[in-house]
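Listed below, chain by chain, are the residues.
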Amino acid sequence: ELLAGKSVSISTESQLYSRRFRAECSPHDLETCLQLLHLLFTQKRQPSRAAAQQITQLLVEGVLNHVRDPHARWEEAVASVNTCGHSYFRKPRMLDIRQID
């Protein structure tokens, strides 16, 4: 509703050590686009309760699928050898998901 009639598109990507964004807009909507980018980097964003539950559910399903995969144990062993068991490369466990706020 607030952006009705505006031609603005912003997408983001967050990783452990980087944060990326991509913005597209018509020349006429450049100011709106820059204002949205400013908000992106100056306002704290929290997912809604429903979004947080959905993210948690997706993580749980991922862990369950990983546990059911017969190839997973071999993948974990190879990854552990290749990464010296570093926790950054370890797949999340159910215990990890339960500890998320």
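Look up: the structure comes first, before these words.
All values derive from a computational prediction rather than experimental measurement.

Taking 1.5 Å per residue, 20 residues should reach 28 Å; helix α2 (residues 49-68) reaches 29 Å between its end C-alpha atoms and fits that length. Where the residues of α2 are buried, they touch α3 (72-82) and α4 (94-98).

So, about the layout of surface pockets. A volume near 420 Å³ is recorded for the largest pocket. Considering the residues around the largest pocket, the lining is formed by 19 residues, among which H66, A72, E76, R90 and K91 are closest to the centre. Looking at the lining of the largest pocket, the elements with two or more residues in it are α2 and α3. Looking at the lining of the largest pocket, the element that brings in the most residues is α3, giving 6 residues. Residues belonging to the lining of the largest pocket are distributed by class as follows: 7 nonpolar, 5 polar and 7 charged.

Let us now look at the pairing of strand β1 (residues 8-14). In the sheet, β1 pairs with strand β2 (residues 19-25) via 7 bridges, with the strands oriented antiparallel. By the bridge assignment for β2, S14 is matched with R19.

With that settled, the discussion passes to the pattern of salt bridges. On inspection of all chains with the given rule, the structure shows 3 salt bridges. R90 serves as the salt-bridge partner of D96, at 2.8 Å between the closest nitrogen and oxygen. Between D96 and R93 there is a salt bridge; the shortest N-O distance is 3.5 Å. Salt bridges sharing common partners tie together R90, R93 and D96.

Calculation notes
- The residue numbering used here restarts from 1 in each chain and proceeds along that chain's sequence as written.
- Where totals are concerned, whole chains, interfaces and linings use all residues; where local detail is concerned, this predicted model gives features only for residues with pLDDT of at least 70, and gives and counts side-chain atom pairs only at 80 or more.
- Note: side-chain values were computed over all heavy atoms of the structure, leaving out hydrogens and water.
- Only runs of H or I of at least four residues qualify as helices and only runs of E of at least two qualify as strands under DSSP, and these elements are numbered from the N terminus.
- For a helix, the expected span equals 1.5 Å multiplied by the residue count minus one.
- In what follows, residue pairs with any heavy atoms lying within 4.5 Å of each other are defined as contacts.
- Any residue with an atom within 4 Å of a point lines the site, the site being either a cavity, points on a 1 Å grid over the protein atoms alone where a 1.4 Å probe fits but cannot get out, or a pocket, an open set with protein on both sides within 12 Å along at least 5 of 7 lines.
- Grid points are joined across faces, edges and corners, and a volume is the space filled by probe spheres set on the points.
- Residue polarity is assigned by list, with Asp, Glu, Lys and Arg as charged and Ala, Val, Leu, Ile, Met, Phe, Trp, Tyr, Cys and Pro as nonpolar; anything else, Gly included, falls into the polar class.
- We treat two strands as partners when DSSP finds at least two bridges between them.
- Any carboxyl oxygen of Asp or Glu that lies within 4 Å of a side-chain nitrogen of Lys or Arg is treated as forming a salt bridge with it.

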